[in-house]
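Below, each chain spelled out in residue letters.
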Amino acid sequence: MWTMSSPNLNAPLEDLVVQIFNSHFITRAEEDRLMSSLSSTSDEELQAAIYRIFYGMRHGLLQVVD
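Residues numbered from 1 in each chain as written. Predicted model: local features only at pLDDT ≥ 70, side-chain atom pairs only at ≥ 80, totals over all residues. Heavy atoms only, no water.

Put simply, helix α1 (residues 13–23) and helix α2 (residues 28–38) touch, their axes get as near as 11 Å, and they point 130° apart. It follows from the interaxial angle that α1 and α2 lie oblique. Our pair here, α1 against α2, has a crossing hand that is left-handed. Counted together, Leu13, Leu16, Val17, Gln19 and Ile20 of α1 and Glu30, Arg33, Leu34 and Ser37 of α2 form the full contact between these two elements. Classifying every residue of the contact of α1 with α2 gives five nonpolar, two polar and two charged. (Axes fitted to C-alpha atoms, helices over the stretch in contact; angles between N-to-C directions. Helix = DSSP H or I, 4+ residues; strand = E, 2+ residues; numbered from the N terminus. Parallel < 35°, antiparallel > 145°, perpendicular 65-115°, else oblique. Left-handed = near helix turned anticlockwise from the far one by under 90°. Contact = heavy atoms within 4.5 Å. Nonpolar A, V, L, I, M, F, W, Y, C, P; charged D, E, K, R; others polar.)

Okay, here's the thing in structure tokens:
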């Protein structure tokens, strides 16, 4: 059984994206980090993954927790 733990905001962005996809949970702090990272990264694959996370949030596929 998966249990929620505090977000590791110092983890590499790629690891954070994978963790969010695997857990189906995202915290507000993680959302803020992704939002600020979106404009600063030039990696198109990573940008696409972040957009998929935001899509999942809008459509209820990811649970947002505080």
